[in-house]
Amino acid sequence: MALIPAQDGERISGALIIDMRSGQFRFVQAKAVLLATGGGPTMYRYHTPSGDKACDGMAMGLRAGLTLRDMEMVQFHPTGLLAGSGTRITGTIIEEGLRGAGGHLLDADGRRFVHEYDDRGERATRDVVSRAMFEQMRRGNTGPNGGVFLTMRHLDAEVVRRQFKGMVERCLDVGFDLVSGLVEVTPTAHYMMGGLEFEPDCQTTLRGLFAAGEDTGGVHGANRLGGNGVANSTVFGGIAGQRIAGWVKHEGALAPPDTAAIDSAVARCLSPFARPAGDPAGIRERLYSIMWDDVGIMRNRSGLEKARAALEELAVEIEHTGIGPATREFNLGWHDWLNLDSQILISRAITLAALNRGDSRGAHFREEHPHSGPLDHSAYTRVHLQDGRLAASTKAVAFTRVRPGASLLN
Ligand SMILES: Cc1cc2nc3c(=O)[nH]c(=O)nc-3n(C[C@H](O)[C@H](O)[C@H](O)COP(=O)(O)OP(=O)(O)OC[C@H]3O[C@@H](n4cnc5c(N)ncnc54)[C@H](O)[C@@H]3O)c2cc1C
């Protein structure tokens, strides 16, 4: 649950982990550490990743003094299943191929609407379709659960049944008929394009600490093409493995840990046991609402300012919220508290980065400035922790291969 720097503060000394079965802490001293906990924007009301994802790696990186980049770039997948609040299947993906195969999105009146936003209609990019849907949802032109409808009923039923067998079954499980009926859907938070700053060989600024996959930022720019998430993890996971093997052999050394960092991480993790049981579930509900309403698919300054203030309050509240004097052995309530702590920290980073980018690009959409600013002066956003407070900055993009407007193709 924490990256532990060496006493010299310049290199990694190891990682502090919790054995969930016993609840005991273990410090694993290591010449090199690979951070690869997989991001996952689970702080939004509707999200696709599983509950084990809590942006822990990014939070550990921030707490260890590393910098995050592009945190405002959160990708929403247009079609998450909306099956009511009582089921975890809500938010999970209905595959994109359905729209590719000719599926339509309809509002509550049975009217197609995506063409009003983009000539490509339902086949437009994820960010465009998500915004069109969110706009309908904000207007209240929705189904019983507050979403819009996906339908394939105008297509050949046999083809839909054969080509999308798994999706047909998934929908049926929650009472929707994908072949000849309507399936209620919502955009759903899917992927973090932002993450830790890192080098092409997966090194971070803390020597011996490497990062790969969705914990890292900058690989996809402001948006991600479908299929490139697994490619990112596979390619950079492989690079990290090779680089770490060389590093351990030639440069790595076991370094004595900063014991104050261990003590402080243990104290932070154990703090909820010392306080009377509070309501972490209520805090999570409020987190979902703040992020969905004001830091989600469409953003504006006043909403982001409101969210920033509300998240600061949640950060204080979680610090005063306990789980009571429970056992540490396999205590899921404890791990939920730890996850929530990370999610609130990373939500604050997303909000700060979103405030810092006043224009729109890729997955980040500012209603008061719906177009990109001058691309020649592109900069990316950065967030780090300074004396316990989040601080933001920007860094100019170095165009090393191709400048905006130019092309590598003749
Ligand atoms: C529903 C869904 C569908 C997707 N479909 C596609 C697709 O079709 N194509 C594509 O390219 N991408 C897809 N993606 C994205 C892709 O799955 C991810 O980008 C990719 O898996 C990230 O890989 P990773 O190695 O960084 O992390 P992961 O594969 O997520 O692995 C991280 C691991 O770390 C563990 N972990 C997290 N926190 C901690 C902690 N504190 N301590 C210990 N362990 C921890 C997690 O449990 C997990 O096992 C999809 C994502 C989702 C959610």
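On a predicted model such as this, the values are computed, not experimentally measured, just so you know. (Residues numbered from 1 in each chain as written. Predicted model: local features only at pLDDT ≥ 70, side-chain atom pairs only at ≥ 80, totals over all residues.)

Peer 1: Help me understand the overall build of the protein in this model?
Peer 2: Along the protein, the regular secondary structure elements total ten helices and 13 strands. Computed over its C-alpha atoms, the radius of gyration of the protein comes to 22 Å, within 12% of the 22 Å expected for a compact globule of 410 residues. Projected onto the principal axes, the alpha-carbon positions of the protein cover approximately 65 × 60 × 45 Å. Taking all 410 residues of the protein together, 43% fall into the buried category. In the protein, of all internal contacts separated by at least 6 residues, the share reaching a separation of at least 24 is 68%. (Helix = DSSP H or I, 4+ residues; strand = E, 2+ residues; numbered from the N terminus. Rg over C-alpha atoms; globule rule 2.2 N^0.38 Å. Buried ≥ 20, exposed ≤ 12 C-beta atoms within 10 Å, placed from the backbone. Contact = placed C-beta atoms within 7 Å.)

Peer 1: Just to check I follow, could you spell out the site of the ligand for this structure?
Peer 2: As a matter of local geometry, the ligand sits amid 18 residues, with Gly38, Asp56, Gly213, Gly229 and Val230 nearest to it. Counting residues per element, the shell around the ligand draws most heavily on helix H6 (residues 228-250), which supplies five residues. In terms of residue class, the shell around the ligand is made up of six nonpolar, eight polar and four charged. (Near = placed C-beta within 6 Å. Nonpolar A, V, L, I, M, F, W, Y, C, P; charged D, E, K, R; others polar.)

Peer 1: Help me understand the sheet that holds strand S2 (residues 12-19), please; the structure alone is not making it clear to me.
Peer 2: The strand order S1-S2-S3 describes an open sheet built from three strands, whose pairing is antiparallel. With partners counted over all chains shown, the strands left at the sheet margins are strand S1 (2-5) and strand S3 (24-29), one partner each. Across the sheet, the mean angle from the axis of one strand to that of its neighbour is 25°, orientation sign disregarded. Judged from the six bridges that link them, S2 and S3 form a sheet pairing that is antiparallel. Within S3, the residue paired with Ile17 across the bridge is Arg26. In the packing of helix H7 (residues 259-270) onto the sheet, the strands contacted are S1, S2 and S3, and the crossing angle to S1 comes to about 160°. (Pairing = 2+ DSSP bridges. Axes fitted to C-alpha atoms, helices over the stretch in contact; angles between N-to-C directions.)

Peer 1: Would you mind showing me how to read the domain arrangement of the protein here?
Peer 2: By convention, interface size is frequently given as the accessible area that disappears when the constituent parts associate. Along its sequence, the protein is carved into domain 1 (2-73 + 193-395) and domain 2 (75-190). A separation of 30 Å is found between the C-alpha centroids of domain 1 and domain 2. Counting from both sides, the interface comprises 14 residues of domain 1 and, opposite them, 18 residues of domain 2. Among the residues making up the side of domain 1 that touches domain 2, the classes are represented as eight nonpolar, five polar and one charged. (Domains from an automatic or database assignment.)

Peer 1: Explanation requested: the pairing of strand S12 (residues 379-386) in the structure shown.
Peer 2: Where a strand is regular, its side chains alternate between the two sheet faces. In terms of strand pairing, strand S5 (residues 68-69) meets S12 through two bridges, oriented antiparallel. Residue Leu68 lies in a different strand from S12, and its bridge partner there is Val383. Two strands pair when backbone bridges link them, and S12 and strand S13 (residues 389-396) are joined in this way by eight bridges, in the antiparallel orientation. Counterpart to His384 in the pairing with S13 is Ala391. Hairpin connection between S12 and S13: a loop of two residues separates the two successive antiparallel strands, and Asp387 in this loop has a positive phi of roughly 50°.

Peer 1: Is there a simple way to think about the pairing of strand S9 (residues 182-192) in this case?
Peer 2: Within S9, ten of the eleven residues are buried, leaving the element largely enclosed by the surrounding structure. Where strand S6 (residues 74-81) lies against S9, six bridges are found, and the strand directions are antiparallel. Looking across to S9, one finds that Phe76 is bridged to Ala189. Sheet analysis places strand S8 (residues 148-151) next to S9, joined by four bridges and oriented antiparallel. What sits directly across from Thr151, in S9, is Leu182.

Peer 1: Help me understand unusual backbone geometry, please; the structure alone is not making it clear to me.
Peer 2: Note on backbone geometry: most residues besides glycine have negative phi, and most peptide bonds are trans. Despite not being glycine, Asp70 has its phi angle at roughly 55°, a positive value. Residue position: Asp70 is located in the loop between S5 and S6. Given 27 C-beta atoms within 10 Å, Asp70 falls into the buried group. Even without a glycine there, the phi angle at Asp387 is positive, about 50°. Within the secondary structure, Asp387 is located in the loop between S12 and S13. For Asp387, a count of 5 C-beta atoms within 10 Å gives the class exposed.

Peer 1: How do you make sense of the sheet that holds S13 when you look at a structure like this?
Peer 2: Paired through backbone hydrogen bonds, the strands of a sheet run either parallel or antiparallel to each other. The strand order across the open sheet built from four strands is S10-S5-S12-S13, with neighbouring strands paired in antiparallel fashion. Two strands bound the open sheet, and with one partner strand each, they are strand S10 (195-196) and S13. Inspection of the sheet shows S5 paired to S10 by two bridges, in the antiparallel sense. Counterpart to Arg69 in the pairing with S10 is Gly195. Contacts from helix H10 (residues 332-356) reach S5, S12 and S13 within the one sheet, and its direction differs from that of S13 by about 45°.

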